[in-house]
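Each chain, letter by letter, is given below.
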Amino acid sequence: MELTKALKAVIRTIPDFPKPGIAFKDVTTVFQDPALARRCVDQILAEFPVSSFDVVGGIEARGLILGTLIAHDSERPFFPFRKPGKLPWKTLRESYRLEYGENALEMHVDAVGEGQRVLIVDDLLATGGTAAAATRLVRRAGAEMTGIAFLVELGYLDGRAPLLAEGLTAQQIRSLIIFGEGE
Ligand code: AMP
């Protein structure tokens, strides 16, 4: 089966989770299927060849899972982006706006080296604020962006806009499957 069809068949939509109005895409089912997870990793590495990045950064929470799979397969170092207060060492922090209020993301100051090329990984692109904050962190740490890989993109939220505003090109933003509203 085509990868997008296979993903559509297993990714569940949970209405009103974690709060009313949010249609939550549950990708845990992808990781329950090793052959499908393998195909996702292969596809992401086809779009971002191993030679194009030096380090993989995964965004909490499900981006940590997908990111480590990609780092392991490509034999590249891995580092986590986490919510404030979770990382034990010295951190860089970037805040971003949510629909209601604000959130922030942190990474260890020494997670990447000067000039290293970073592939950021997350499960899902919604409004783009999280991935944009991760992009700013990578650059503040002195590293360069190879691109960002998502399993899922919510096409109706224009999450690409804040990433393009950070100076990334369309080719640097890749998702394996794009969902329309109500899908
Ligand atoms: P955003 O900053 O709006 O692009 O949100 C992306 C982050 O929030 C990702 O780390 C996702 O895991 C999570 N997220 C946002 N919306 C959803 C959703 N509808 N289903 C699953 N995860 C979501």
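In case you missed it, the structure is sitting above this.
Residues numbered from 1 in each chain as written. Predicted model: local features only at pLDDT ≥ 70, side-chain atom pairs only at ≥ 80, totals over all residues. Heavy atoms only, no water.

Caption draft 1: How the structure looks around the pattern of salt bridges. What the rule picks out here adds up to 14 salt bridges. Of the charged contacts, one joins Arg-12 and Asp-26 as a salt bridge, the two residues approaching to 2.7 Å between their closest N and O atoms. One end of the pair, Arg-12, is in strand β1 (residues 12-15); the other, Asp-26, is in strand β2 (residues 23-26), with 14 residues separating them in the sequence. Classification of Arg-12 as partly exposed rests on a relative accessible area of 43%. The salt bridge involving Asp-54 is made with Arg-117; its shortest N-O contact spans 2.9 Å. Within this pair, whereas Asp-54 is found in the loop between α3 (34-47) and β3 (55-59), its partner Arg-117 is found in strand β7 (residues 117-125), the two being separated by 63 residues in sequence. Note on Arg-117: relative accessible area 27%, which makes it partly exposed. Several salt bridges converge on common partners, so that one network encompasses Glu-94, Arg-136, Arg-140 and Glu-166. (Salt bridge = Lys/Arg side-chain N within 4 Å of Asp/Glu carboxyl O. Helix = DSSP H or I, 4+ residues; strand = E, 2+ residues; numbered from the N terminus. Buried < 20%, exposed > 50% of the residue type's maximum accessible area, 1.4 Å probe, protein only.)

Caption draft 2: Spotlight on the packing of α3 against helix α4 (residues 62-74). Running from amino to carboxyl end, α3 crosses α4 at an angle of 70°, the nearest separation of the two axes being 10 Å. Comparing their axes, α4 and α3 come out roughly perpendicular. The chirality of how α3 crosses α4 is right-handed. Here α3 contributes Ala-37, Arg-38, Val-41, Ile-44 and Leu-45 to the contact with α4, which in turn contributes Leu-66, Leu-69, Ile-70, Asp-73 and Ser-74. Residue classes in the contact of α3 with α4 are distributed as 7 nonpolar, 1 polar and 2 charged. (Axes fitted to C-alpha atoms, helices over the stretch in contact; angles between N-to-C directions. Parallel < 35°, antiparallel > 145°, perpendicular 65-115°, else oblique. Left-handed = near helix turned anticlockwise from the far one by under 90°. Contact = heavy atoms within 4.5 Å. Nonpolar A, V, L, I, M, F, W, Y, C, P; charged D, E, K, R; others polar.)

Caption draft 3: How the structure looks around α3. Taking 1.5 Å of rise per residue, 14 residues should cover 20 Å, and α3 covers 20 Å from first to last C-alpha, within 8% of that figure. Check the buried side of α3 and you find it contacts α1 (3-10), α2 (28-31), α4, β8 (144-154) and β9 (173-179). (Expected span 1.5 Å × (residues − 1).)

Caption draft 4: Highlighting the packing of aromatic side chains. In the structure shown here, the tally under the stated rule is 2 aromatic pairs. Here Lys-25 stacks its cationic end above the ring of Phe-179, 4.3 Å away from the centre of that ring. Residue placement shows Arg-76 over the ring face of Phe-53; its charged tip is 6.0 Å from the ring centre. (Phe/Tyr/Trp six-rings, centres within 6.5 Å; stacked < 30°, edge-to-face > 60°. Lys NZ or Arg CZ within 6 Å of the ring centre and 35° of its normal.)

Caption draft 5: A look at α4. Between its first and last C-alpha, α4 extends 19 Å over 13 residues, near the 18 Å set by a 1.5 Å rise per residue. Every buried residue of α4 is accounted for by Gly-63, Leu-66, Gly-67, Ile-70, Ala-71 and Ser-74. Across the axial projection of α4, the buried residues extend over an arc of 135°, all falling on one side. Residues of α4 that are buried make contact with α2, α3, β3, β4 (78-81), β7 and β8. Positive backbone phi, at 55°, marks Glu-75, one or two positions downstream of α4. (Arc of directions from axis to C-beta.)

Caption draft 6: Expanded view of the nonpolar core. Formed by 27 residues in total, the largest nonpolar core has its most connected members in Leu-7, Ile-11, Val-30, Ile-70, Leu-151 and Val-152. Every element with two or more residues in this core is listed here: α1, α3, α4, β7, β8 and β9. Per-element accounting of this core gives the leading share, 5 residues, to α3. Those residues in contact with Leu-7 that lie beyond four places of it in its chain are Val-30, Leu-36, Cys-40, Leu-176 and Ile-177. (Core = buried A, V, L, I, M, F, W, Y, C linked by side-chain atoms within 4.5 Å.)

Caption draft 7: Unusual backbone geometry, seen in detail. The linkage connecting Phe-17 with the following residue, Pro-18, adopts the cis geometry, with an omega of -5°. Note on placement: Pro-18 falls in the loop between β1 and β2. Put simply, Glu-60 and Ala-61 share a cis peptide bond, and its omega is 0°. Considering the arrangement of structural elements, one finds Ala-61 in the loop between β3 and α4. For Asp-158, which is not glycine, the phi dihedral falls at a positive 50°. Residue position: Asp-158 is located in the loop between β8 and α6 (160-165).

None of this, on its own, says anything about what the molecule does.
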